[in-house]
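# Results of the structural survey
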Amino acid sequence: MGALERLWVEEMMSWCAAQFGSRTLRTPAILPTADFFPDPYSGTEPQVRALVDSVGRYMGVGRDRVVVEVNSGGDPLPEGMAFLEGTAHGEAGHYRVEHGRAVVSLDMGRLRSQVTLVAAIAHELAHERLLGERRIDRDRHDGEQLTDLATVYLGLGIFNANAALQFSQNQRGWRSQRLGYLSQPMFGYALACWAVMRGDAKPAWVRHLDTNPRVYMKQSLRYLRANPDALPDWRATL
C-alpha cells in the first residue's frame, strides 16, 4: 500500500468520526459469531431479509428506510451503485433510490456465504448512511471506496475485509473472487486506525480476520505505534 492510499485512509477515518460521531468507537466490533448472528444460515429469502434487519440495526439504518430485493441470480440487477464481484465486476448487490425510497438489491447467485452476504449488505447500507443522509454527493470520485471504508467505521469492517478476497474450489480447481472497492491492505490499515481510535491497543477481535487482512492489520498497528502522529487528531472533529 502506497503513501497516498495510507493518507487517504487516515483522512477518511477522521472524516467518518466527524460525520458519525464516537458511538461505534464505544460499542463492540460486529463479529461473525452467534452473539451477533445467532440464527443458522442456509440462504433462504427470509434469512436474507433478517440479516438486512440485523446489519441495519448495527449500522443505524432502520428497516423502514430500505426496500430489499432478493435476486436468485438469474436476472441482472438494475442500474445503481454496485457492490462489485469478481474480475469481470459483476454486480453482487447495489443501491438505488426509487420514488424517494432507498432500494437494496442482492444477487444471491454471487453471494454464496454469510460473510460475503453480510459484507454486501453492509456496503449497500453504508450507501444509505452516506448518500441517503446526504453526507456525500453521488458523483464523488472516491465515493465507492469511502462506502467500503464506512463499513469499517460503522463496525462491520471484519466482514468486508474478509470478503475483499475470497477463495473457493470447484471441479476445475481453485478460484479467487474479489468483492468491493478497497484492497485487503487498505482494509487492514483502516481496521488498525479504527482500533487506535477506539483505544484498543491489542484488539481481541483480530482473530476473526482471515490470514491476509489479519497480517496487514498487525503490520499497520506496528506502523501506527511507531508513528503516533500519523493519524490526524480525529477527536478535534467531534
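I will try to describe carefully the structure that is included in this document. (Residues numbered from 1 in each chain as written. Predicted model: local features only at pLDDT ≥ 70, side-chain atom pairs only at ≥ 80, totals over all residues. Heavy atoms only, no water.)

## Comments concerning the pairing of strand E4 (residues 101-107)
The buried count for E4 comes to six of seven residues, which makes it a mostly enclosed element. Where strand E1 (residues 66-71) lies against E4, six bridges are found, and the strand directions are parallel. Within E4, the position partnered with Glu69 by the bridge is Ser105. (Buried < 20%, exposed > 50% of the residue type's maximum accessible area, 1.4 Å probe, protein only. Helix = DSSP H or I, 4+ residues; strand = E, 2+ residues; numbered from the N terminus. Pairing = 2+ DSSP bridges.)

## Here's the deal with the packing of helix H6 (residues 184-197) against helix H7 (residues 211-226)
Direction vectors running N to C along H6 and H7 enclose 50°, while the axes themselves pass 7 Å from each other. One element, H6, and the other, H7, form an angle in the oblique class. Here H6 runs over H7; the crossing is right-handed. Residue-level inspection shows Gln184, Pro185, Gly188, Tyr189, Leu191, Ala192, Cys193, Ala195 and Val196 of H6 in contact with H7, the latter providing Asn212, Pro213, Tyr216, Met217, Ser220, Leu221, Tyr223 and Leu224. Residue classes in the contact of H6 with H7 are distributed as 13 nonpolar, four polar and no charged. (Axes fitted to C-alpha atoms, helices over the stretch in contact; angles between N-to-C directions. Parallel < 35°, antiparallel > 145°, perpendicular 65-115°, else oblique. Left-handed = near helix turned anticlockwise from the far one by under 90°. Contact = heavy atoms within 4.5 Å. Nonpolar A, V, L, I, M, F, W, Y, C, P; charged D, E, K, R; others polar.)

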